[in-house]
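Geometric and topological summary
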Amino acid sequence: MKATKVQSFILYALGKWFEEANKKIQDKPLEVSISKALFIGIVKKAKFAEKQERALYKNLEILEKKRLVSYNNKELILTSKGKKVYDKISCDLGPYFYLVETLNKKDPTSYTKKVQTVFRS
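Residues numbered from 1 in each chain as written. Predicted model: local features only at pLDDT ≥ 70, side-chain atom pairs only at ≥ 80, totals over all residues. Heavy atoms only, no water.

1. Brief notes about the overall build of the protein chain
In terms of helices and strands, the protein chain carries four helices and two strands. Each helix (α) and strand (β) of the protein chain, taken in turn from the N terminus, gives the series α-α-α-β-β-α. Rg of the C-alpha trace for the protein chain: 19 Å, well past the compact-globule value of 14 Å for 121 residues, more than 25% over. Oriented by its inertia axes, the alpha-carbon framework of the protein chain measures out at about 60 × 40 × 30 Å. Taking all 121 residues of the protein chain together, 25% fall into the buried category. A fraction of 51% describes how many contacts in the protein chain between residues 6 or more apart in sequence connect residues 24 or more apart. With an accessible surface of roughly 9600 Å², the protein chain has 57% of that area assigned to carbon and sulfur atoms. Across the protein chain, the 26 positively charged side chains and the 13 negatively charged ones have centroids separated by 6 Å. (Helix = DSSP H or I, 4+ residues; strand = E, 2+ residues; numbered from the N terminus. Rg over C-alpha atoms; globule rule 2.2 N^0.38 Å. Buried < 20%, exposed > 50% of the residue type's maximum accessible area, 1.4 Å probe, protein only. Contact = heavy atoms within 4.5 Å. Areas by Shrake-Rupley, 256 points an atom, 1.4 Å probe, with all protein chains shown as cover. Lys, Arg positive; Asp, Glu negative; His and termini not counted. Charge placed at Lys NZ, Arg CZ, Asp CG, Glu CD.)

Structural data, given as structure tokens:
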């Protein structure tokens, strides 16, 4: 059973959170962990999703049933299957993020010699 767009988004948000949080301690033999409540709080606070808290819990439970995330000892983690799905989503979205990052670094009009303008009415 394939993950829905919302479930894929939640899986991506969780995977990206782990990726970024683990960068801070990559020189140590440690790994970060997060509880469901804390993750949902982060998602709500950052306005990644406009869903109600209960709907986010339900989607995490569905991801658990699909064996994409695991919840042990109040720790939410990606399973190996979940990591593969996250990597695929990340790979699919990578070119889009790279484009936005590139356009934000440098003025988009600097890539061409001539830029056309038109009047908008």
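So, next bit.
2. Some remarks on the packing of helix 2 (residues 36-45) against helix 3 (residues 53-65)
Between helix 2 and helix 3, the least distance of the axes is 10 Å, while the angle of their chain directions is 125 degrees. Relative to helix 3, the element helix 2 is oriented oblique. Of the two elements, helix 2 crosses helix 3, and the hand of that crossing is right-handed. Seen from helix 2, the contacting residues are Lys-36, Ala-37, Phe-39, Ile-40, Val-43 and Lys-44; seen from helix 3, they are Glu-53, Leu-56, Tyr-57, Leu-60, Glu-61 and Glu-64. Considered class by class, the residues forming the contact of helix 2 with helix 3 number seven nonpolar, no polar and five charged. (Axes fitted to C-alpha atoms, helices over the stretch in contact; angles between N-to-C directions. Parallel < 35°, antiparallel > 145°, perpendicular 65-115°, else oblique. Left-handed = near helix turned anticlockwise from the far one by under 90°. Nonpolar A, V, L, I, M, F, W, Y, C, P; charged D, E, K, R; others polar.)

3. Quick look at the nonpolar core
Residues Leu-14 and Phe-39 are the most contacted members of the largest nonpolar core, which totals 19 residues. When contributions to this core are tallied by element, the ones reaching two or more residues are helix 1 (5-23), helix 2, helix 3, strand 2 (75-78) and helix 4 (80-105). Per-element tally for this core: the top contributor is helix 1, with six residues. Here Phe-39 is in contact with Ile-10, Ala-13, Leu-14, Ile-34, Leu-60 and Leu-76, once residues within four sequence places are set aside. (Core = buried A, V, L, I, M, F, W, Y, C linked by side-chain atoms within 4.5 Å.)

Distances and angles like these do not, on their own, reveal function.
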